[in-house]
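Observations on the three-dimensional arrangement
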Amino acid sequence: MEAGDSRILLTADDLDGYLSVEDKQDIKDLDELYSQAMQDYKILESSANQTRLDQSRENIISTYNRIGDRIQEICDRHPQINVYSFQLPPSSRGEASRLIAKLRDVRTSHQEFLYYIQRAYELLFNLAFHQGETQSKNHLIVKTPVNDPVQNYAIHKIPDVDSKIENSVMCVMLRGALLPSMIMSKEVQEYSSTGYVTPFALFRIQRDDSRKESDMHYVLDLKSSFFDLESLDGKDLFFADPMNATGGSLVTIVQYLKDQGVKPRSIQFFNVISAVKGSLRIARAIEGVKIYTLWMDPVLNSKAYILPGLGDAGDRLNGQDIEGNSRNIIQLIADYGAGITNLYRSQVREIERTVLGEMG
Ligand SMILES: O=P(O)(O)OC[C@H]1O[C@H](OP(=O)(O)OP(=O)(O)O)[C@H](O)[C@@H]1O
Ligand SMILES: O=c1cc[nH]c(=O)[nH]1
């Protein structure tokens, strides 16, 4: 890892250095399997012959089954990688599958995309914090609008996850992860018995789009980042980024923090879709990390995009900038509109405080 005055750089070679021979073989096997599926996509996209179309659909289903089995077998060997569809009972898997299908679909509109991302983070919160041992409960006492014959109240028991969430700091990989991080922080607030609002640490991390995946550079721009190193020490660092592709963005930030002497209590990464390569690199590079992902995809293309993926998550969440006029964090939040900013009011206040300071 190289450090300039304000820019921290990591390369694809640095990341590959973490992979074992077995990891590289797993990645290669999936590349080969997925290239078979891509042959059939070409027929699906262009053929007018019904028999050929039917045959290619059959082939794709069967290749996908083999890919799914192979990915599950790889993930079973890595307990740090938690995949919703592999850990939840089969009856719950359809929910994640349908949701991911909606997010992937080119026809899904911006508003619908936001709606499904919000739902995805509810499921991820469930995967990370509600599984496993029998949990103690917190009681919610809710006043309802019904006041005849008397004012009504309802009691709801929710899992007591305070100890898992009330030491957390929301670490944001700007910019695509900004809204998902607000959503995750609100989940924390809603489940915390004290209404804990996470502090935010904002990191401007960029992949160099002019480079290929095999030669990718990751740049952490400290001048456009907002965080207080001391406030991260001993904390549970939550990163919520919809896409975990090559793993380079997360590893760059975590290594920088480590170099600065920060010792987090834990590092947890919440993704909607992860690629096998990025997950393996992270699991190898960051000791003790936990990855929670709704879905695991098999491969990356030469531009470091996840296949089949869902495209550019940042663009689908934030819309595209006008050429040469890249919006800052405050402008992005303003563009989410009143519906979103009112829903995530506490989170917006925390982010503004982090960016603008107490007087902002
Ligand atoms: O696992 P990695 O290969 O590091 O990639 C993941 C990063 O890529 C995406 O951001 P993108 O580079 O599209 O920029 P954006 O945040 O500005 O949308 C995504 O939101 C992650 O931050
Ligand atoms: O497929 C990908 C990879 C990185 N970032 C995205 O938004 N999509």
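The structure contained in this document is the topic of the report that follows.

Cut-off values and rules
- Residues numbered from 1 in each chain as written.
- Chains lettered and ligands numbered in written order.
- Predicted model: local features only at pLDDT ≥ 70, side-chain atom pairs only at ≥ 80, totals over all residues.
- Heavy atoms only, no water.
- Axes fitted to C-alpha atoms, helices over the stretch in contact; angles between N-to-C directions.
- Helix = DSSP H or I, 4+ residues; strand = E, 2+ residues; numbered from the N terminus.
- Parallel < 35°, antiparallel > 145°, perpendicular 65-115°, else oblique.
- Contact = heavy atoms within 4.5 Å.
- Near = heavy atom within 4 Å.
- Polar contact = N/O pair within 3.5 Å; in protein donor to acceptor, adjacent residues only side chain to side chain.
- Nonpolar A, V, L, I, M, F, W, Y, C, P; charged D, E, K, R; others polar.
- Pairing = 2+ DSSP bridges.
- Areas by Shrake-Rupley, 256 points an atom, 1.4 Å probe, with all protein chains shown as cover.
- Salt bridge = Lys/Arg side-chain N within 4 Å of Asp/Glu carboxyl O.
- Core = buried A, V, L, I, M, F, W, Y, C linked by side-chain atoms within 4.5 Å.
- Buried < 20%, exposed > 50% of the residue type's maximum accessible area, 1.4 Å probe, protein only.
- Left-handed = near helix turned anticlockwise from the far one by under 90°.

Another aspect to go through is the packing of helix H2 (residues 21-46) against helix H10 (residues 276-285). Between H2 and H10, the shortest axis-to-axis distance is 10 Å and the interhelical angle comes to 170 degrees. Classified by the interaxial angle, the pair formed by H2 and H10 is roughly antiparallel. Residues Glu22, Asp23, Ile27 and Leu30 of H2 form the contact with H10, whose own contacting residues are Val276, Lys277, Leu280 and Arg284.

Let us now look at the site of ligand 1. The environment of ligand 1 is formed by 14 residues, the closest being Gly176, Arg207, Asp241, Thr246 and Ser249. Between ligand 1 and Asp241 there is a distance of 2.6 Å, counted from an oxygen atom to a side-chain nitrogen or oxygen. Ser249 places a polar side-chain atom, nitrogen or oxygen, 2.5 Å from an oxygen atom of ligand 1. Sorting the residues of the shell around ligand 1 by element identifies strand S10 (243-244) and helix H9 (248-259) as the ones contributing at least two each. Residue composition of the shell around ligand 1, by class: 4 nonpolar, 7 polar and 3 charged.

Further remarks concern the pairing of strand S8 (residues 217-226). Where strand S2 (residues 7-11) meets S8, 5 bridges bridge the pair, whose relative direction is antiparallel. Note that in S8 the partner of Ile8 across the bridge is Leu220. Here strand S7 (residues 200-207) runs beside S8; their pairing, made up of 5 bridges, is antiparallel. Counted as the bridge partner of Arg207 is Tyr218 from S8.

Moving on, we come to the site of ligand 2. Near ligand 2, the surroundings consist of Arg207, Met243, Ala245, Ala304, Tyr305, Ile306, Gly311, Asp312 and Ala313. At a separation of 2.7 Å, an oxygen atom of ligand 2 approaches a polar backbone atom of Ile306. Gly311 has a polar backbone atom sitting 2.8 Å from a nitrogen atom of ligand 2. Here ligand 2 loses 89% of its free accessible area of 230 Å² to cover by the protein chains.

Let us look at the pattern of salt bridges. This structure, assessed with the given rule, holds 22 salt bridges. Between Glu22 and Arg77 there is a salt bridge; the shortest N-O distance is 3.3 Å. In this pair, Glu22 sits in helix H2 while Arg77 sits in the loop between helix H3 (50-76) and strand S3 (81-83), placing the two residues 55 residues apart along the sequence. One salt bridge connects Arg353 with Glu350, and the closest N-O pair in it is separated by 3.1 Å.

The next thing to look at is the nonpolar core. In terms of nonpolar packing, the biggest core is built from 106 residues, with Leu178, Phe239, Phe270 and Leu294 touching the most fellow members. If one sorts the elements of this core by residue count, helix H6 (residues 110-129) sits on top with 12 residues. When near neighbours in sequence (up to four residues on either side) are disregarded, Leu294 contacts Val83, Tyr84, Ser85, Ala96, Leu99, Ile100, Ala120, Leu123, Leu124, Asn271 and Val272.

Glancing now at the side chain of Ser249. Note on placement: Ser249 falls in helix H9. Discounting chain neighbours no more than four positions away, the residues touching Ser249 are Met173, Ile205, Arg207 and Tyr218.

Note on placement: Lys143 falls in strand S4 (residues 137-143). Among the residues examined, Lys143 registers a relative accessible area of 56% and is labelled exposed. Along the chain, Lys143 and Ala285 lie 142 residues apart, while their C-alpha atoms are 48 Å from each other. Dropping the residues within four chain positions of it, Lys143 is found in contact with Gln151, Asn152 and Tyr153.

Quick look at H10 now. Counting buried positions over the 10 residues of H10 gives 9, a clear majority of the element. Those residues of H10 that fall on the buried side of the exposure criterion are Val276, Lys277, Gly278, Ser279, Leu280, Arg281, Ile282, Ala283 and Ala285.

For the pair H6 and helix H8 (residues 178-191), the least separation of the axes is 10 Å and the interaxial angle reads 50 degrees. One element, H6, and the other, H8, form an angle in the oblique class. The interaxial crossing formed by H6 with H8 has right-handed handedness. Contacts between H6 and H8 involve Leu114, Ile117, Gln118, Tyr121, Glu122, Phe125 and Phe129 from the first element and Leu179, Pro180, Ile183, Met184, Glu187, Val188 and Tyr191 from the second. Tallied by class, the residues present in the contact of H6 with H8 amount to 11 nonpolar, 1 polar and 2 charged.

So, on to unusual backbone geometry. The residue after Asp148, namely Pro149, is reached through a cis peptide bond having omega 10 degrees. In this structure, Pro149 sits in the loop between S4 and strand S5 (153-159). In the segment running from Leu307 into Pro308, the intervening peptide bond is cis, with an omega of 0 degrees. Tracing the backbone through its elements, the reader meets Pro308 in the loop between strand S14 (306-307) and helix H11 (313-318).

Limitation: the analysis is restricted to geometry and does not speak to function.
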